[in-house]
Amino acid sequence: ASEKIDLSSLYAPMLADFFKRKCTLRKTGGGAMISPSPKPHRNISHPTPLRHPERKTVTIAAAMRCQGGVILCADSLVSGTDLNLSQSKIVTINLPALKANVAIAFAGTISYCMSAISAIGLRLQRIPVSKGPLTDELFKTEIEATLAKFYNKHMYPDPQFRSWTGNTVSLLAVVQDQETKRASIFGTEETVLNAYGEAAFIGSGAAIARYITEPLVCVSVAMMPDDKVLLLADHMLQQVKRFVPTC
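Scoring rules and cut-offs
- Residues numbered from 1 in each chain as written.
- Predicted model: local features only at pLDDT ≥ 70, side-chain atom pairs only at ≥ 80, totals over all residues.
- Heavy atoms only, no water.
- Helix = DSSP H or I, 4+ residues; strand = E, 2+ residues; numbered from the N terminus.
- Polar contact = N/O pair within 3.5 Å; in protein donor to acceptor, adjacent residues only side chain to side chain.
- Pairing = 2+ DSSP bridges.
- Axes fitted to C-alpha atoms, helices over the stretch in contact; angles between N-to-C directions.
- Contact = heavy atoms within 4.5 Å.
- Salt bridge = Lys/Arg side-chain N within 4 Å of Asp/Glu carboxyl O.
- Buried < 20%, exposed > 50% of the residue type's maximum accessible area, 1.4 Å probe, protein only.

Draft legend 1. Quick peek at the environment of K140. One can find K140 in helix α3 (residues 136-155). In this structure, the C-alpha to C-alpha distance between K140 and F186, residues 46 residues apart in sequence, is 8.5 Å. Side chain to side chain, K140 and E144 meet in a polar contact 2.7 Å long.

Draft legend 2. Fine view of the pairing of strand β11 (residues 192-196). As judged from the five bridges shared by strand β10 (residues 183-189) and β11, these two strands associate in the antiparallel manner. Residue I185 lies in a different strand from β11, and its bridge partner there is Y196. In this antiparallel pair of consecutive strands, β10 and β11, the connection spans two residues, and E190 shows a positive phi of 60°.

Draft legend 3. How the structure looks around the sheet that holds strand β3 (residues 60-66). Taking strand neighbours across the sheet as the criterion, the three strands line up as β4-β3-β12 in an open arrangement whose pairing is antiparallel. Every other strand in the sheet has two partners, leaving β4 (69-74) and β12 (199-203) as the edge strands with one partner each. Adjacent strand axes in the sheet meet at a mean angle of 10° when their direction is disregarded. By the bridge criterion, six bridges tie β3 to β4 in an arrangement that is antiparallel. Residue pairing across strands places C66 opposite G69, the latter belonging to β4. Strands in contact with helix α4 (residues 206-213) are β3 and β12; relative to β12, the strand with the most contacts, it is inclined by about 145°. Sitting on the sheet, helix α5 (residues 226-243) touches β3, β4 and β12, and the angle it makes with β3 is about 160°.

Draft legend 4. Here's a closer look at the pattern of salt bridges. On inspection of all chains with the given rule, the structure shows eight salt bridges. Taking the shortest distance from any N to any O, the salt bridge between K241 and D75 comes out at 3.0 Å. Of this pair, K241 sits in helix α5 while D75 sits in the loop between β4 and β5 (77-78), placing them 166 residues apart in sequence. Its relative accessible area of 26% is what places K241 among the partly exposed residues. Judged by its relative accessible area of 7%, D75 is buried. Note that R210 and E214 form a salt bridge whose closest N and O atoms lie 3.6 Å from each other. For E214, a relative accessible area of 48% translates into the label partly exposed. What you see here is one network of salt bridges that share partners, running through D75, K89 and K241.

Shown next, in the form of structure tokens:
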């Protein structure tokens, strides 16, 4: 004989407990209505999206030795503002007391580069005449001391330093002896000043600039006529500006 099981007796306690926890009884006139209990309010915080700072303006500059001396060139486009402007990125410093001429091209954040070059110019002009003329060793010592002080004050404290949004300073200098007309090429790597023989490049397009120029030099760029090196420099600048978006 089969025995009937009353399912209502099994589910009744469960349903009663469910409605007790999930529902409330609201009196309406002469009756009552069961409605679900309101869910607890949760404060959901939406983080504010971070905007990446605008990338700093960079450039391309190059120094190439030729038969007549050294050709120092750089692009003149200043972008990153409301308008694209044209500005020279080569600064000249005349030091008659030290019998030398100095030309400095820069790549990086313009305000920081100009501040560093201004500090370098003041340092060179304060060199006593007794230490002259301006040799390569003396120039290297004075520039590295100036850059070390500049970086400690302006660059290293910046939390964005060495990041792609951080300020950058790259300098390319040519020093010429006024008497012998001998010229030397120097480039900076943060606070270090390095000497170069035939050519040097700085800026975001430095790698492609070297890639463009080296196959076009047969033996040595220093043995090429001045007009040929000028043509090579102009071609290099045009190609770098064409293919490197940040130049």
